[in-house]
Amino acid sequence: MATTETGSATNTPARTAAPPGYRWRWLGLAVVLCAEVMDLLDSTITTIAAPGIAHRLGGGTTFMQWLGAAYTLAFALGLITGGRLGDLYGRRRMYLLGAIGFTAASVACGLSTGPAMLIACRAAQGAFGAILIPQGLGLLKDMFGPKDQAKAFGAFGPVMGLSAVGGPILAGVLLGANLFGTDWRSIFLINLPIGLAGIVGAVLFLPSVRPTRGQRLDPVGMLLVGSGLVALLYPLVQGRELGWPWWSFALLALGAALLAVFAAHQVRRSRAGRDPLVLPALFRRRSFTGGLVLGIVFFTAVMGVTLSFALYLQLGLGYSPLRASLTSAPNALGIVVGSIVGGAVAGRLGRRILHLGVLVIAAGLAALTALLTLVGAGDLAWWHFAPALLVLGFGLGTVFAPLFTFVLGDVSGDHVGAGAGLLNAVQQVATATGTAVIGSLFFGLAGPHPDAADWTAALRTTMPVAIVLLAVTFALVYLLPHHASEPAEQ
């Protein structure tokens, strides 16, 4: 079993990290990616399976919405706390806790006997995922020296792309196969072998790296940030479906207020010499603060337009969810290739690789816009989309691969877990924002009784909005250091 013992206590928080040449680092990377696969599969896999699950368990449209929303809300609620737990009590230990809990919750999902039980188990999946996922970035920093970190982070892009697109495809295959008569339950039970592989791999190959002095959690901070994120995310996830009632905007305002109180609480706690949940000094690092703002704008644009395109294929062109997923496969292929290229050249190009990636994404969206303008909805075939989606995916891959390295590159080991949790939480908020804002625009432009031409016009008008957000992203890249290994300006 691979372990790295901690050193003696000191007066300052420090970590005894695995050496840059940690012998199991590449196998450890595979273990970290195993967790990413489970999370991405389970955040997307119910998209295609929800109608069948509702039919068999007796749930309605609200139940179908909550199959995804329960996971998303619980995941976002615990991300920052989950990352901090790894900083305080050891990342391998928290990885194991998260992986065991996530696997058990997945099995419970597969054995659910009614809608309420399944929604509760989905929430449990999200909660344990919030403990599991933030450990990955910290573990990579523990296992890899600066020279190999870019290569390790570069592996995330292909895995993210394949898992995000592969989730609905895998759901379609499993539902069609009806393995051992499990029907829809197999989409959750598939996590059992994946989770067991991750658990065994964590015991064998992840380093045990712990802080050299005891630190304490911040329960008040946990309550404030969790409540604030839920207050923000709930109306963003459910607002469009409910017609944006007045209380949805009140909740958004409450969420922003709670996060402001959380920030003030962290400053007071830090000045008093107590351990904050998120170190306020992180926000004085231009790379970290700029990266959070960049992440909000970038993921709002990307996730909003991705959802709109997936809905267009099904609502506008009449594709089945499985056919829509297969049509989007060139996007996943582009992400894989772009991640490999981005990881290989990021060290030489520095932040210019992010500029290049954003420009390529914009070019892909512009190509889709031109296609929708020049070819009528009735004449569109799946292969018409392939070139533009390939370009779009390539751009996404070149941004995904190095982005986290730039944002978290100079965050100290004792706070990288909380930083990673915060970055993941920002990504969740941005995803929900893109879904709410760009998704609402897409549906609003389509009109009350749209036909294929109306859906096409709506998507064609929505694309430029995402391109404008990408232009803002391009400008925000200048807030990041020229190279990920440079100390950020204070």
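Residues numbered from 1 in each chain as written. Predicted model: local features only at pLDDT ≥ 70, side-chain atom pairs only at ≥ 80, totals over all residues. Heavy atoms only, no water.

Novice: When you look at the overall build of the protein in this model, what are you seeing that I'm missing?
Specialist: The helix and strand inventory of the protein stands at 19 helices and zero strands. Here the analysis covers contacts within the protein between residues at least 6 apart in sequence; of these, 84% occur between residues at least 24 apart. Of the roughly 19100 Å² of accessible surface on the protein, a fraction of 69% belongs to carbon and sulfur atoms. (Helix = DSSP H or I, 4+ residues; strand = E, 2+ residues; numbered from the N terminus. Contact = heavy atoms within 4.5 Å. Areas by Shrake-Rupley, 256 points an atom, 1.4 Å probe, with all protein chains shown as cover.)

Novice: Whenever I open this one, the nonpolar core confuses me. Can you help?
Specialist: The nonpolar side chains of soluble globular proteins are, as a tendency, buried together. In terms of nonpolar packing, the biggest core is built from 105 residues, with Y95, F298, Y312, L365 and F385 touching the most fellow members. The biggest single contributor to this core is helix 13 (residues 286-316), with 13 residues. Residues in contact with F385, not counting those within four places in the same chain, are F309, Y312, L313, L317, T327, L368, L371, L372 and L380. (Core = buried A, V, L, I, M, F, W, Y, C linked by side-chain atoms within 4.5 Å. Buried < 20%, exposed > 50% of the residue type's maximum accessible area, 1.4 Å probe, protein only.)

Novice: Sorry if this is basic, but what is going on with the packing of aromatic side chains here?
Specialist: Two aromatic rings are characterised by how far apart their centres lie and by the angle between their planes. Counted under the stated rule, the structure contains 17 aromatic pairs. Geometrically, the ring pair formed by W184 and F188 is edge-to-face, given 6.2 Å between the ring centres and 85 degrees between the ring planes. Residue classification places W184 among the buried positions, given a relative accessible area of 3%. On the numbers, 6.3 Å between centres and 85 degrees between planes, the contact of F298 with F400 is edge-to-face. Residue F298 is located in helix 13, and its partner F400 is located in helix 17 (residues 386-408); the two are separated by 102 residues in the primary sequence. On the basis of relative accessibility, which here comes to 13%, the residue F400 falls in the buried class. The ring of Y319 is capped by R323, whose NZ or CZ atom sits 4.0 Å from the centre of that ring. (Phe/Tyr/Trp six-rings, centres within 6.5 Å; stacked < 30°, edge-to-face > 60°. Lys NZ or Arg CZ within 6 Å of the ring centre and 35° of its normal.)

Novice: Whenever I open this one, unusual backbone geometry confuses me. Can you help?
Specialist: With glycine set apart, most residues show a phi of negative sign, and most peptide bonds adopt trans. With a phi close to 50 degrees, W244 is a non-glycine residue in the positive phi region. Take W244: its relative accessible area is 25%, and that puts it in the partly exposed class.

Novice: Would you mind going over the side chain of H355 with me for this structure?
Specialist: Looking at where H355 falls in the secondary structure, it is placed in helix 16 (residues 352-374). Residue classification places H355 among the buried residues on the basis of a relative accessible area of 9%. Apart from the residues lying within four places of it in its own chain, the contact partners of H355 are F474, V477 and Y478.

Novice: How do you make sense of the environment of V267 when you look at a structure like this?
Specialist: Positionally, V267 belongs in helix 12 (residues 246-271). The sequence separation of V267 and P280 amounts to 13 residues, and the corresponding C-alpha distance is 6.0 Å.

Novice: Hey, could you run me through helix 10 (residues 191-205) in this one?
Specialist: Because the α-helix completes a turn every 3.6 residues, residues three or four places apart line up on one side. Over its 15 residues, helix 10 runs 20 Å from end to end, which matches the ideal 21 Å to within 8%, given 1.5 Å per residue. Looking only at helix 10, the buried set comprises N191, G195, G198, I199, G201, A202 and F205. Down the axis of helix 10, the buried set is contained in an arc of 170 degrees. They therefore lie on one face. On its buried face, helix 10 is in contact with helix 1 (25-44), helix 4 (91-110), helix 5 (115-132) and helix 9 (186-189). (Expected span 1.5 Å × (residues − 1). Arc of directions from axis to C-beta.)

Novice: Help me understand the packing of helix 1 against helix 6 (residues 135-143) in this model?
Specialist: When two helices pack together, you describe them by how their axes are tilted relative to each other and by the distance separating the axes. Relative to each other, helix 1 and helix 6 sit at 175 degrees, their axes nearing to 10 Å. Taken together, helix 1 and helix 6 sit at an angle that is classed as roughly antiparallel. Counting all contacts with helix 1, which are made through R25, G28, L29 and V32, the residues of helix 6 involved are G136, L139, L140 and M143. Looking at the contact of helix 1 with helix 6, its residues break down into five nonpolar, two polar and one charged. (Axes fitted to C-alpha atoms, helices over the stretch in contact; angles between N-to-C directions. Parallel < 35°, antiparallel > 145°, perpendicular 65-115°, else oblique. Nonpolar A, V, L, I, M, F, W, Y, C, P; charged D, E, K, R; others polar.)

Novice: Whenever I open this one, the packing of helix 16 against helix 19 (residues 452-476) confuses me. Can you help?
Specialist: Interhelical geometry of helix 16 versus helix 19 gives an angle of 165 degrees and a closest axis separation of 9 Å. Compared by their axis directions, helix 16 and helix 19 come out roughly antiparallel. Regarding helix 16 and helix 19, the two cross each other, and that crossing is left-handed. Here helix 16 contributes H355, V358, L359, I361, A362, L365, A366, L368, T369, L372 and T373 to the contact with helix 19, which in turn contributes T456, L459, R460, M463, A466, I467, L470, T473 and F474. Partitioning the contact of helix 16 with helix 19 into residue classes produces 14 nonpolar, five polar and one charged. (Left-handed = near helix turned anticlockwise from the far one by under 90°.)

Novice: Looking at this model, I keep getting lost on the pattern of salt bridges. Mind explaining?
Specialist: Oppositely charged side chains can form a pair if their charged atoms are brought close together. All told, the structure shown has five salt bridges when counted by the stated rule. Put simply, R91 and D142 hold a salt bridge, and the shortest N to O gap is 2.8 Å. With a gap of 51 residues between them, R91 in helix 4 and D142 in helix 6 connect regions that are remote in the sequence. For the pair shown, R91 and D142 are each scored as buried. Members of the salt-bridge network, linked through shared partners, are R84, D87, R91 and D142. (Salt bridge = Lys/Arg side-chain N within 4 Å of Asp/Glu carboxyl O.)

Novice: What is the right way to look at the confidence of the model for the protein in this model?
Specialist: Per-residue confidence for the protein gives a mean pLDDT of 82, with 88% of residues at or over 70. Throughout residues 1-14 the model reports pLDDT below 50, and contacts reaching past four residues in sequence, or to other chains, amount to 42 contacts. Counted against residues more than four places away or in other chains, residues 486-490, with its pLDDT under 50, gives eleven contacts. (pLDDT = per-residue confidence, 0-100.)

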